[in-house]
Amino acid sequence: MTTTRENTPGDTGPAPAEPATGVELAIGGMTCASCAARVEKKLNRMEGVTASVNYATEKAKVSMDDGVRVADLIATVEATGYTAAPPQPERTEPGSAAEGGAAPGGPDTAADDELRTLRRRLIGSVVLAVPVIAMAMVPALQFAYWQWLSLTLAAPVVVWGAWPFHRAAWVNLRHGAATMDTLISVGTSAAMLWSLWALFFGTAGEPGMTHPFELSIGRSDGAGNIYLEAAAGVTAFILAGRWFEARSKRKAGAALRTLLELGAKEVTVLRNGREVRVRTEDLAVGDRFVVRPGEKIATDGTVAEGSSAVDTSMLTGESVPVEVGAGDTVTGATLNAGGRLVVEATRVGGDTQLARMAKLVEDAQNGKAAAQRLADRISAVFVPVVIVLALATLGLWLAVGAGLTAAFTAAVAVLIIACPCALGLATPTALMVGTGRGAQLGILIKGPEVLETTRRADTVVLDKTGTVTTGEMTLLAVHVAEGTDEKETLRLAGALENASEHPLAQAVARGAERETGTLPVPEDFANVPGLGVQGVVEGHAMLVGRARLLADWAMELPAELAAAREEAERAGRTAIAVAWDGEARAVLEVADAVKPTSAEAIGRLRGLGLRPVLLTGDNRAVAESVAAEMGIAAEDVIAEVMPEDKVGVVKRLQDEGRSVAMVGDGVNDAAALAQADLGLAMGTGTDAAIEAGDLTLVRGDLRSAADAIRLSRRTLGTIKSNLFWAFAYNVAALPLAAAGLLNPMIAGAAMAFSSVFVVGNSLRLRRFRPTDR
């Protein structure tokens, strides 16, 4: 029992050549999306250079004229305040990232070290900042020398904890730019320096000094005011947001590592008539290697000896195993599900289909425009305005003769009140609550950049195998001849098929066991290559496989069974003939079954304004049969595509002006998931697909795709409302600060209220409910 396919997997033509004038640089030192935009802008100003910089992957993809040197590109990046170098290769030596670990000193190690350092800063800052905030906001905790304890605890937070912000602000200053880092650095430094002045030279250091619980407006010379809780609190809050962002960014390149790890690590090569075990990297074109049942095929090649069924679903999406024999091509990383094969290697290393798919994923990731965070975009205008306003306040108060102390008090108050305490909470709190609620519902959101895309998406491309279908062959129908018992047919056929390793045979055996219970053991069994199986079960001489197998034994299907077989094949299903004791008795239908919830899920996606498109490597008959069952029109079905074609389909839809969401689960979907504006990976699928996606659907239920988009859109709305109120608070309080009317209690209460509002608004996401519960 077999199936055939016209397009043999792996036969995809020669690998595309690398462009002679292209280079990829690893960029270091970027702290936000605006950094990536600045590097990209500088590179694109160079004559003959076109560059795209991705903040998430920390890479610049550059096309250049022949006269431009890589050294010139690196010099331009370094002059902008960042570092640049050609990236380390993904595969180096044993123990590299591609083999399960990070290469010593490689990019993975550096990223891990950066994440650990940020985590240490966050934990240290939170531990020290909490008591500082508590003492400042609760008068009952303000003992005689509480202000000096606050200084002792806050100083390490502002100096050590906020060091990344100070460093980034200095880089920005050198290049005449202002970002959120600038605002954080200036605000926390101003609060810290003014507090030091008030403690050592003013009256704030006197024993028994308190911040009275007074919500009044009045001018103050600032000598008794300290803002240590603002400096420490803002640092801790924003470090939390940066840590969550860095953790999600760290996963950006994991899809490439996962893809490379799919290949076989070792292979049995035939040399001088002997079998020798070597590393896959040592294979050369022309080598012959052995693939036993259950092993992965080490590299792309041509079958020299043997025949087998090869499971190609992880690469091609083809749900039915492909029968191969001498002369057929096979693809590396696919699974040999049947007999012993001897394969001659035709492509190795970077030329293999697996390596080319990894390149597709990387190109798709680097080709995405880096999503600028809303806070950074606003900061580009807000920060310079605040600094100019602080300087204007200082000048105005000096001009009216108010005195140096009062003038500096008002100017520093402007900088302090502009420091984004609530702004630091706006994105991370909504993201934490939204992602936490998503995790409870089996929806994993990778980062804030994902959310903006969910609002714009208008087309959803659905992979067939494993996404809208179960992803494994299933016994769907049994047709029996007149006078034949259906259960008896299943029991006998299932017993014989259970002795075979073929995936189609196992589908029949599982279905038979489910319907009839324990299956008998065959007294005799033999595989008939390319046709099916034969044997003896409970004294019955049996044949199970293609109709041609029965014809070889001079048995023809009765008219009703022949009609059932033709109907099954028209619907794209595999028809298996069953005969015993010299008579054709039944036809079994096997196919990849549609999940019970898929049709409902399509309706929900349409309700969100998305147009569903079915995309698959399967043949058109199978694809249209599945689409009809789910209510997708035939014109929205794209079938018989290879991985490169899937990326092309997504690009074509994007070129038509559509914002594309892609739902998939296989390795063959990884590049398309990365290319799509929004990638949704089924959690029941491969690691490569999960890592390439922006959202992961743990349940493997397509209905959760609609829930994921709804939750993401709601989380984005919450973030935007948080940002609005955080900035509104700053803008409303700035005039009071400039007028010198902002005392510490007003500032503390306003900041606390703004933060509480943002947190409360974010907590509303905990009430999100999926539509099926």
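Conventions we followed
- Residues numbered from 1 in each chain as written.
- Predicted model: local features only at pLDDT ≥ 70, side-chain atom pairs only at ≥ 80, totals over all residues.
- Heavy atoms only, no water.
- UniProt positions renumbered as here; feature names shortened; annotations may be inferred.
- Helix = DSSP H or I, 4+ residues; strand = E, 2+ residues; numbered from the N terminus.
- Buried < 20%, exposed > 50% of the residue type's maximum accessible area, 1.4 Å probe, protein only.
- Contact = heavy atoms within 4.5 Å.
- Areas by Shrake-Rupley, 256 points an atom, 1.4 Å probe, with all protein chains shown as cover.
- Arc of directions from axis to C-beta.
- Axes fitted to C-alpha atoms, helices over the stretch in contact; angles between N-to-C directions.
- Parallel < 35°, antiparallel > 145°, perpendicular 65-115°, else oblique.
- Nonpolar A, V, L, I, M, F, W, Y, C, P; charged D, E, K, R; others polar.
- Phe/Tyr/Trp six-rings, centres within 6.5 Å; stacked < 30°, edge-to-face > 60°.
- Pairing = 2+ DSSP bridges.
- Core = buried A, V, L, I, M, F, W, Y, C linked by side-chain atoms within 4.5 Å.
- Left-handed = near helix turned anticlockwise from the far one by under 90°.
- Polar contact = N/O pair within 3.5 Å; in protein donor to acceptor, adjacent residues only side chain to side chain.
- pLDDT = per-residue confidence, 0-100.

By the naming in an unreviewed UniProt entry, the protein chain goes by Cation-transporting P-type ATPase B and is assigned to Streptomyces reniochalinae. The UniProt entry for the protein chain carries the following text under Sequence similarities (unreviewed entry): "Belongs to the cation transport ATPase (P-type) (TC 3.A.3) family. Type IB subfamily." The Subcellular location (unreviewed entry) field of the UniProt record for the protein chain holds the comment "Cell membrane".

A count of helical and extended segments in the protein chain gives 26 helices and 26 strands. Evaluated residue by residue, the protein chain yields a buried proportion of 54% over its 773 residues. A fraction of 70% describes how many contacts in the protein chain between residues 6 or more apart in sequence connect residues 24 or more apart. Approximately 31,500 Å² of the protein chain is accessible, and the part contributed by carbon and sulfur atoms is 57%.

Feature annotation in UniProt places "transmembrane region" (unreviewed entry) on residues 122-139, 145-163, 183-204, 224-244, 378-400, 406-427, 722-739 and 745-763, given in this structure's numbering. The span residues 722-739 is 94% helix and 0% strand, and its two end C-alpha atoms sit 27 Å from each other.

Another aspect to go through is helix H2 (residues 70-79). Looking only at H2, the buried set comprises Leu73, Ile74, Thr76 and Val77. Buried residues in H2, looked at end-on, bunch into an arc of 160 degrees, giving them a common side.

Between helix H4 (residues 146-161) and helix H5 (residues 163-174), whose axes approach to 5 Å, the crossing angle comes to 45 degrees. Judged by the angle between their axes, H4 and H5 are oblique. Of H5, the residues touching H4 (which contributes Val158, Val159, Trp160 and Gly161) are Trp163, Pro164 and His166. Looking at the contact of H4 with H5 residue by residue, the classes come out as five nonpolar, two polar and no charged.

Glancing now at the packing of aromatic side chains. Across all of its chains, the model carries two aromatic pairs by this definition. For the ring pair tryptophan 148 and phenylalanine 200, a centre distance of 5.3 Å and an interplane angle of 75 degrees mean the geometry is edge-to-face. One end of the pair, tryptophan 148, is in helix H4; the other, phenylalanine 200, is in helix H6 (residues 180-200), with 52 residues separating them in the sequence. According to the relative accessible area criterion, tryptophan 148 is partly exposed, its value standing at 26%. The exposure class of phenylalanine 200 is exposed, given its relative accessible area of 53%.

This paragraph deals with unusual backbone geometry. Positive phi, close to 50 degrees, is recorded for glutamate 538, a residue that is not glycine. Accessibility expressed as a relative area gives 40% for glutamate 538, which makes it partly exposed. Of note, the phi angle at glutamate 640 is positive, near 55 degrees, even though the residue is not glycine. Here glutamate 640 is to be found in the loop between strand E23 (637-638) and helix H22 (643-655).

The next point concerns the sheet that holds E23. The strand order across the open sheet built from seven strands is E14-E26-E25-E24-E15-E22-E23, with neighbouring strands paired in mixed fashion. Strands at the two margins of the open sheet, each flanked by one partner only, are strand E14 (443-445) and E23. Both strand E15 (residues 459-463) and strand E22 (residues 611-615) contribute to a ladder of five bridges, which runs parallel. Within the sheet, the bridge partner assigned to valine 460 lies in E22 and is proline 612.

Before going further, it helps to examine the nonpolar core. Ranked by size, the top nonpolar core spans 45 residues in total, and within it Leu462, Leu605, Leu614, Met630, Leu680 and Leu702 carry the most contacts. Ranked by the residues each element gives to this core, the list is headed by helix H25 (residues 703-738), at eight residues. Those residues in contact with leucine 614 that lie beyond four places of it in its chain are Leu462, Asp463, Lys464, Val468, Ala623, Val626, Ala627, Met630, Ile632, Asp636, Val637 and Ile638. In this structure, Ala154, Ala236, Val383 and Val414 belong to the second largest nonpolar core, which totals 40 residues.

Let's shift gears to the sheet that holds strand E11 (residues 329-330). Taken in spatial order, the six strands line up as E6-E5-E7-E13-E8-E11 in an open sheet, and their pairing is antiparallel. For this open sheet the edge positions go to strand E6 (274-279) and E11, each flanked by a neighbour on one side alone. With four bridges connecting them, strand E8 (residues 301-305) and strand E13 (residues 341-345) associate as antiparallel partners. The residue of E13 that forms the bridge with threonine 302 is glutamate 344.

Tracing the sequence through the fold places serine 195 in helix H6. Residues within four places of serine 195 in sequence aside, it is in contact with Ile226, Tyr227 and Leu228.

The next thing to look at is the pairing of strand E21 (residues 583-594). With 11 of 12 residues buried, E21 lies mostly within the body of the structure. In this structure, strand E16 (residues 469-480) lies alongside E21, joined through eight bridges in antiparallel fashion. Of the residues in E21, the one forming a bridge with valine 480 is alanine 586. Counted between consecutive antiparallel strands, the loop separating strand E20 (residues 574-580) from E21 contains two residues, among which aspartate 581 sits at a positive phi close to 50 degrees.

All right, on to the packing of helix H16 (residues 486-497) against helix H17 (residues 503-516) then. In the contact formed by H16 and H17, the axes pass within 8 Å of each other and the chain directions differ by 135 degrees. Classified by the interaxial angle, the pair formed by H16 and H17 is oblique. Considering only the axes of H16 and H17, their crossing is left-handed. The segment H16 lies against H17, with Lys487, Leu490, Arg491, Gly494 and Glu497 engaging Ala505, Gln506, Val508, Ala509, Ala512, Glu515 and Thr516. In terms of residue class, the contact of H16 with H17 is built from five nonpolar, three polar and four charged.

With that settled, the discussion passes to the side chain of threonine 352. Tracing the sequence through the fold places threonine 352 in the loop between E13 and helix H10 (353-367). For threonine 352, a relative accessible area of 10% gives the class buried. Within the structure, threonine 352 has its side chain in polar contact with the backbone oxygen of glycine 349 (distance 3.2 Å). Not counting residues up to four positions away in its chain, the partners in contact with threonine 352 are Thr299, Asp300 and Arg347.

What follows is about the confidence of the model for the protein chain. In the predicted model, the protein chain carries a mean pLDDT of 78, and the fraction of residues at 70 or more is 79%. Across the protein chain, the element-wise mean pLDDT spans from 58 in helix H8 (residues 254-261) up to 94 in H4. Predicted confidence is poor over residues 1-20, with pLDDT under 50, and the contacts of this stretch with residues over four places away or in other chains come to 50 contacts. Taken as a whole, residues 90-106 scores under 50 in pLDDT and shows 37 contacts with residues more than four places along the chain or in a different chain.

Here we take up the environment of valine 626. Relative to the helices and strands, valine 626 is located in helix H21 (residues 620-630). Taking relative accessible area as the criterion, valine 626 reaches 5% and is therefore assigned buried. With 27 residues separating them along the chain, valine 626 and alanine 599 place their C-alpha atoms 10.0 Å apart. Look past the residues within four positions of valine 626 in its chain and what remains in contact with it is Lys464, Val468, Thr469, Val594 and Leu614.

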